[in-house]
Amino acid sequence: MEEEKKTKFMTQAINDEILEKLSLKNRYSFLNTNLTAILEPNEFNFLKKAQKFCMRFEKKNNITHGPDEDVYDWIPAFGEAGYLTRAHKFEMIDVNYDYYGATAELMRCLAVDFFDPQFSLAGGATVLAINPIYEHHENMPIRLEIMKKFVTGVTPGAILITEPERGSDAVHMLTTCDEQDDGSFLLNGEKIFSTNGPKSGYVVAYATAEKNNGNTMAQFLIDTSWDGWNCERVFIPYVPKVWLGKERLDNLRVPKDYVLGGVGKGREHLFEGLVPERIGIAIDCVAQCWNAVAHAAIYANNRQQFNQMVLKFQGVGFLLTDLWARLTNVTLGLLMFCKNYDSKMEKFGGTLPRNISQALVASASQFKYHTAKLSAEICYEAANLMGGAGLCDNTLMQDLLNMSRIAEIVGGSRQIQNYIMSMAMRQLYKMSGI
Ligand SMILES: Cc1cc2nc3c(=O)[nH]c(=O)nc-3n(C[C@H](O)[C@H](O)[C@H](O)COP(=O)(O)OP(=O)(O)OC[C@H]3O[C@@H](n4cnc5c(N)ncnc54)[C@H](O)[C@@H]3O)c2cc1C
């Protein structure tokens, strides 16, 4: 079995002993030791349960994370076990998770990202498609059925906001929706960079009654088997296992029951999804950073040069501890945010009042901005501390380094986060009564 495993990678650069030390189990152990004093028992228990599932799954299926594996093959098993999303209890679709919320998502993501970062990214896009259906299902059977398929891993999902000509400027869309007499809509236009687009059975898409008019936006659920759905793959070399779509919607008819938000409701629905989306990206980034630091810490504690472990050279040890300290602090901040978010959700019965939700927009941008930047730095520097071994394909470091290059673009670029934060700061200044 060991022989079979090795042939899936290119030539092994790293020695057997260190490669074994970098196992999923050991990286989890490093993470858990770091979190022992920080997490509450229920958080830790769930984290360990998710980790156990990932370790068993990896072993049972002889997963090497080599280039020939299809991460989409793993979705049904993770869905069945309840590790695709823990954002909600999902009682309306008889899923009834006993542990859920933003903190549960942080724990789940730490476990899943260590297992396979590209799988975790693809799963995150399905969660983005689940959120709007969760908010706007109105107990309609078809919407509940689709939500259940996403949550339980029957099919991945995607969210279609970006267009070839409208990226950062997402509210001035060109994709149109024309309402018909029977309440259905005809959609026409192009979308791009939809994570999971070519693999999804259903997607959530935005369009507008009048081009460039954000006040006329609407939100739709689309069955990708319908006529008028055309999707080709956009290949992003940094994430070769994730399938992104470029879609052309040609007179695609959306029946009334699939209209999640009619004309005029789209922008509000879009903004309401941005807080969980950005916190989700921040969680992903923090998980990637821990995975990178775990790799580098194990390597630096085992790799010998000049007759001693490289950790003991100040250039290595001080850089690694600098990354480690900053990551620990951001993790504490994010954990605090998640717990606070969960307690507010509980207090307000699952839907946050508008003023609170708006106040969280700034925090979500701050975390997304900060963690994406941190991920670009930590994943690069941690790989660097592993020398040549950090650059070859024998470990997940290569995936982590590559993924850290996309973090600042997805979910709104760095400059767009700056822009949102500066508007929020102006608002806060005005509210301060100075
Ligand atoms: C891997 C990946 C996955 C993605 N997944 C999805 C998805 O699932 N669904 C989806 O809808 N989209 C998705 N996207 C699209 C992503 O959200 C956009 O790429 C992003 O919003 C930037 O848009 P753009 O690419 O058109 O860049 P542009 O808008 O063309 O930006 C170009 C540059 O200009 C800067 N800029 C633009 N406007 C301003 C401004 N006002 N002030 C200062 N600087 C500005 C930007 O920061 C950037 O540096 C994904 C993208 C990638 C790469």
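Per chain, the residues get numbers from 1 upward, laid out in the order the sequence is written. Given that the model is predicted, a residue must reach a pLDDT of at least 70 before its local features are reported, and side-chain atom pairs must reach 80 or more before they are shown or counted; all residues, however, enter totals for whole chains, interfaces and linings.

**What about the overall build of the chain?**
- Going along the chain from the N terminus, every DSSP run of H or I of four or more residues is numbered as a helix, and every run of E of two or more is numbered as a strand. Assigned secondary structure in the chain consists of 13 helices and 10 strands.
- Radius of gyration here is computed from C-alpha atoms only, and the compact-globule reference equals 2.2 Å multiplied by the residue count raised to the power 0.38. A globule of 434 residues ought to have a C-alpha radius of gyration of about 22 Å, and the chain, at 22 Å, matches this closely.
- The principal-axis extent of the C-alpha atoms belonging to the chain is close to 80 × 60 × 40 Å.
- Per-residue burial over the chain gives 45% buried out of 434 residues.
- Pairs at least 24 apart in sequence give 77% of the contacts found in the chain among residues at least 6 apart. A residue is called partly exposed when the number of other C-beta atoms within 10 Å of its own lies between 12 and 20, exposed at 12 or fewer, and buried at 20 or more, with C-beta atoms placed from the backbone. Residues are defined as contacting one another if the C-beta atoms placed from their backbone atoms lie within 7 Å.

**Structural notes on the site of the ligand**
- For each residue, a C-beta position is placed from the backbone atoms; the residue is near a molecule or strand when that point lies within 6 Å of it. Near the ligand lie 21 residues; those nearest to it are Ile161, Gly167, Ser168, Ser413 and Gln415.
- Only strand 1 (157-160), strand 3 (185-195) and helix 13 (414-431) provide two or more residues apiece to the shell around the ligand.
- Three residue categories are used. Nonpolar comprises Ala, Val, Leu, Ile, Met, Phe, Trp, Tyr, Cys and Pro, charged comprises Asp, Glu, Lys and Arg, and polar comprises the others, including Gly. Partitioning the shell around the ligand into residue classes produces 13 nonpolar, eight polar and no charged.
- Segmentation of the chain into domains, including their bounds, is taken from an automatic or database domain assignment. For the shell around the ligand, the two domains that each supply at least three residues are domain 2 (157-264) and domain 3 (267-428).

**Here's the deal with the domain arrangement of the chain**
- By domain assignment, the chain separates into domain 1 (2-151), domain 2 (157-264) and domain 3 (267-428).
- Placing the centre of domain 1 and that of domain 3 at their C-alpha centroids yields a distance of 17 Å.
- Across the boundary between the two partners, domain 1 contributes 37 residues, which contact 39 residues of domain 3.
- Where the side of domain 1 that touches domain 3 is concerned, the elements lending two or more residues are helix 2 (16-21), helix 3 (24-35), helix 6 (102-115) and helix 7 (117-136).
- Residue contributions to the side of domain 1 that touches domain 3 peak at 11 residues, all from helix 7.
- Across the side of domain 1 that touches domain 3, the residue classes tally to 21 nonpolar, 11 polar and five charged.

**Describing the pairing of strand 2 (residues 176-179)**
- For two strands to count as paired, DSSP must find a minimum of two bridges between them. Bridge count for strand 2 against strand 3 is four bridges, and the pairing is antiparallel. Considered in strand 3, the bridge of Asp178 is made with Leu186.
- If you look at the hairpin formed by strand 2 and strand 3, you'll find five residues sitting between the two strands, and Gly183 has a positive phi there, around 90°.

**What about the environment of Glu138?**
- Relative to the elements of secondary structure, Glu138 occurs in the loop between helix 7 and helix 8 (141-151).
- For Glu138, a count of 9 C-beta atoms within 10 Å corresponds to the exposed category.
- Put simply, Glu138 and Leu24 are 114 residues apart on the chain and 41 Å apart in space, counted from C-alpha to C-alpha.

**Quick word on the nonpolar core**
- A set of buried residues drawn from Ala, Val, Leu, Ile, Met, Phe, Trp, Tyr and Cys, joined through C-beta atoms within 7 Å, is what defines a nonpolar core. Judged by nonpolar contacts, the single largest core of 123 residues is most densely connected at Leu110, Phe220, Cys289, Val293 and Ala296.
- No other element matches helix 9 (residues 266-300), which puts 19 residues into this core.
- Leave out the neighbours within four places in its chain, and Ala296 touches Leu320, Ala382, Leu385 and Met386.

**Comments concerning helix 8**
- Turning to helix 8, its buried residues number three or more, namely Arg143, Ile146, Met147, Phe150 and Val151. Projected down its long axis, helix 8 shows its buried positions confined to an angular sector of 135°, all on one face.
- Tucked into the core, helix 8 has its buried residues touching helix 5 (75-81), helix 7, strand 1, strand 4 (202-208) and strand 5 (217-223).
- Among the residues trailing helix 8, Gly153 stands out with phi positive, at a value near 80°. The arc in question is formed by the directions pointing from the helix axis toward the C-beta atoms.

**Structural notes on unusual backbone geometry**
- Phi is positive for Glu138, close to 50°, though the residue is something other than glycine.
- Here Phe306, not a glycine, exhibits a phi torsion of approximately 50°, which is positive.
- Note that Phe306 resides in the loop between strand 9 (304-305) and strand 10 (308-309).

**Details of the confidence of the model for the chain**
- When pLDDT is averaged along the chain, the result is 95, and 98% of the positions lie at 70 or above.
- The pLDDT value tells you how sure the predictor is about a given residue, anywhere from 0 up to 100. In the model, residues 1-7 has pLDDT below 50 throughout and makes three contacts with residues more than four positions away in sequence or in other chains.

**Things to note about the packing of helix 6 against helix 9**
- Helix axes use the C-alpha atoms of the stretch in contact, all axes being lines fitted to C-alpha atoms, and the angles between their N-to-C directions lie in the range 0 to 180 degrees. In contact at an axis separation of 9 Å, helix 6 and helix 9 are set at 40° when each is read in the N-to-C sense. Judged by the inter-axis angle, helix 6 sits oblique to helix 9. Crossing angle aside, the handedness with which helix 6 passes helix 9 is right-handed. Within the contact between the two elements, helix 6 uses Ala102, Glu105, Leu106, Cys109, Leu110, Asp113 and Phe114 and helix 9 uses Ile279, Gly280, Ile283, Asp284, Ala287, Gln288, Trp290 and Asn291. Our angle categories are set so that under 35 degrees counts as roughly parallel, over 145 as roughly antiparallel, 65 to 115 as roughly perpendicular, and the remainder as oblique. Crossing handedness is read from the near helix: turned anticlockwise from the far helix by less than a right angle, it gives a left-handed crossing, and turned clockwise, a right-handed one.

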